[in-house]
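A structural walkthrough
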Amino acid sequence: MCGIAGILQLNQNNLNSKIMNILKGQAHRGMSSCGVAYFENLKKGDFMNTIKQLVSPKDFDITDNKINSTVVIAHNRAPSIGEVKIQNAHPFTDCTNRIALVHNGTSSTIKAVRPILQLHSHKLHGNTDSEVFVHVLEDYMNNNDDLDKAIKEFYHYLKDVVDTHFTILVMVENQYIYALRNDEDLVYANNDNEILIASEYDAIKDAMNKEKYTAVIPTDEALIKFSKKNSLYIDYLEGKPDQVINI
């Protein structure tokens, strides 16, 4: 069992402290490592950055790394496949640093795909199933100009072919977070300025800071697209809201 988290904001607002609070709120889900991935808003374009530490959520500290972004995903790990080392800490990125992925779940069968990816010049640095997933998704995206379709094909590959239970967050560029759920925990809460995503409701409560939100637990099988432009958008590509809580 691991903890996953994500935040998507229209305007930057205490991103560092909020993502750390979400991880601390679900610390019991994984104590061996923590990490975040985000796109820095630089003058020459967005640049993917990751911070990983082999510490528990209560000791995870990114206050010195001011996140200059409005989109972030994060993870706290309880290892199931792969030992405790920085190369196995989430989030994982693809070869081009276009996408980042965090994962809760286990799939021993996906390891058979690793040699195929390496033959196609993918660079894998650890030995987790989760790192394999991000490069499989990279291939789906390279072969499809329609982002939603590529994510959907990847979702069905994991659900129907790999046949594994999972919840995955995928951050694409500085605009999208996709949530892929198949019988593992997922909840999100939103208001006009931000969307908070976590494995557990109590974890996002710690980041709400007494603001008003609508919290949603989706159906056990769901594929959700969180995006931003002039407003925040939540689109169910598959599944639907199951429980809705006004806070």
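As the structure is a computational prediction, the values presented were derived from the model and not from experiment. Along each chain, the written sequence defines residue order, and numbers are assigned to residues from 1. With the structure being a predicted model, the display of local features is reserved for residues of pLDDT at least 70 and the display and counting of side-chain atom pairs for 80 or more, all residues being used for whole-chain, interface and lining totals. Derived side-chain values reflect all non-hydrogen atoms in the structure, with water molecules and hydrogen atoms excluded from consideration.

Okay, helix 5 (residues 201-208) next. Within an α-helix, residues lying three or four positions from one another point in the same direction, as the helix has 3.6 residues per turn. Taken as a whole, helix 5 has its buried residues at Ala203, Ile204, Ala207 and Met208. When helix 5 is viewed along its axis, its buried side chains cluster within an angular range of 145° and face the same direction. Should any heavy atoms of two residues lie within 4.5 Å, those residues are counted as being in contact. Under the DSSP-based scheme used, a helix requires at least four consecutive residues in state H or I and a strand at least two consecutive residues in state E, with every element numbered from the N terminus. Looking at the packing, one finds that the buried side of helix 5 touches helix 1 (15-25), strand 9 (187-190) and strand 10 (194-198). Remark: Asn209 follows helix 5 within two positions and exhibits a positive phi of approximately 55°. When a residue's accessible area, from a 1.4 Å probe over protein chains only, is under 20% of the maximum for its type it is buried; when over 50% it is exposed; and in between it is partly exposed. Arc definition: directions from the helix axis to the C-beta atoms.

All right, on to empty space enclosed by the protein then. If you roll a probe as big as a water molecule over the atoms, it shows you where there is empty space left. Here a cavity is any set of points on a 1 Å grid over the protein atoms alone where a 1.4 Å probe fits but cannot get out, and a pocket is any open set with protein on both sides within 12 Å along at least 5 of 7 lines; a residue lines the site when it has an atom within 4 Å of a point. Grid points are joined across faces, edges and corners, and a volume is the space filled by probe spheres set on the points. Across all of its chains, the model carries 1 cavity of 30 Å³ or more by this definition. Each pocket or cavity is described by its volume, and for the largest cavity that value is around 70 Å³. The wall of the largest cavity is formed by Cys2, Arg77, Ala78, Pro79, Ser80, Ile81, His90, His103, Gly105, Thr128, Asp129 and Ser130. Elements that contribute at least two residues to the lining of the largest cavity include exactly strand 6 (99-105) and helix 3 (129-142). Amino acid classes used here: Ala, Val, Leu, Ile, Met, Phe, Trp, Tyr, Cys and Pro are nonpolar; Asp, Glu, Lys and Arg are charged; the rest, including Gly, are polar. Classifying every residue of the lining of the largest cavity by side-chain character gives 4 nonpolar, 6 polar and 2 charged.

The next point concerns a nonpolar patch on the surface. Patch rule: a residue counts if its relative accessible area is over 30% and it has no salt bridge; like charges are joined within 9 Å, and nonpolar side chains (Val, Leu, Ile, Met, Phe, Trp, Tyr) within 5 Å. All accessibility values rest on the Shrake-Rupley procedure with a 1.4 Å probe; residue burial counts only the protein chains present in the view. Every case where a carboxyl oxygen of Asp or Glu lies within 4 Å of a side-chain nitrogen of Lys or Arg is listed as a salt bridge. Where nonpolar side chains cluster on the molecular surface, the patch consists of Leu54, Val84 and Ile86 and spans about 230 Å² of accessible area. The topology assignment puts Leu54 in the loop between strand 3 (45-53) and strand 4 (71-77). Exposure remark for Leu54: the relative accessible area of 42% places this residue in the partly exposed category.

Before going further, it helps to examine the environment of Tyr201. For Tyr201, the location among the structural elements is in helix 5. Along the backbone, Tyr201 and Val36 are 165 residues apart, and their C-alpha atoms lie at a distance of 20 Å. If we ignore the near neighbours within four places in the chain, the residues touching Tyr201 are Val187, Ala215 and Ile247.

This paragraph deals with the pattern of salt bridges. Going through the model one piece at a time under the given rule, you end up with 13 salt bridges. For Glu173, the salt bridge identified is with Arg98, shortest N-O distance 3.2 Å. Remark: Arg98 occurs in the loop between strand 5 (92-93) and strand 6 and Glu173 occurs in the loop between strand 7 (166-172) and strand 8 (176-182); sequence separation between them is 75 residues. By relative accessible area, Arg98 is classed as partly exposed at 32%. Residues Lys152 and Glu238 are paired through a salt bridge, measuring 3.9 Å at the closest nitrogen-oxygen approach. Within this pair, whereas Lys152 is found in helix 4 (residues 147-162), its partner Glu238 is found in strand 13 (residues 232-238), the two being separated by 86 residues in sequence. Ionic contacts of the salt-bridge type, sharing partners, join the residues Lys18, Glu194 and Glu211 into one network.

Take the buried Ala, Val, Leu, Ile, Met, Phe, Trp, Tyr and Cys residues and link them wherever side-chain atoms come within 4.5 Å; each set so joined is a nonpolar core. Counting residues in each nonpolar core, the largest one holds 28 residues, and the members touching the most others are Phe154, Ile168, Val170 and Leu180. Residue assignment for this core shows that the elements contributing at least two residues are strand 6, helix 3, helix 4, strand 7 and strand 8. Top contributing element to this core by residue count: helix 4, with 8 residues. Formed by 26 residues, the second largest nonpolar core is a distinct cluster that contains Leu23, Ala203, Ile204 and Ala207.

Right, let's talk about the packing of aromatic side chains for a bit. The rule is short: rings of Phe, Tyr and Trp, with Trp giving its six-membered ring, pair when the centres are within 6.5 Å, and they are stacked under 30 degrees, edge-to-face over 60, tilted in between. For the structure shown, the criterion picks out 5 aromatic pairs. When the ring of Tyr155 is compared with that of Phe166, the centres are 6.0 Å apart and the planes differ by 80°; the resulting orientation is edge-to-face. Pair noted here: Tyr155 is in helix 4 and Phe166 is in strand 7, with a separation of 11 residues, a long-range link. Looking at Tyr155, the relative accessible area reads 0%, which means it is buried. Clustering of aromatic rings is evident, with ring pairs tying together Tyr140, Phe154 and Tyr157.

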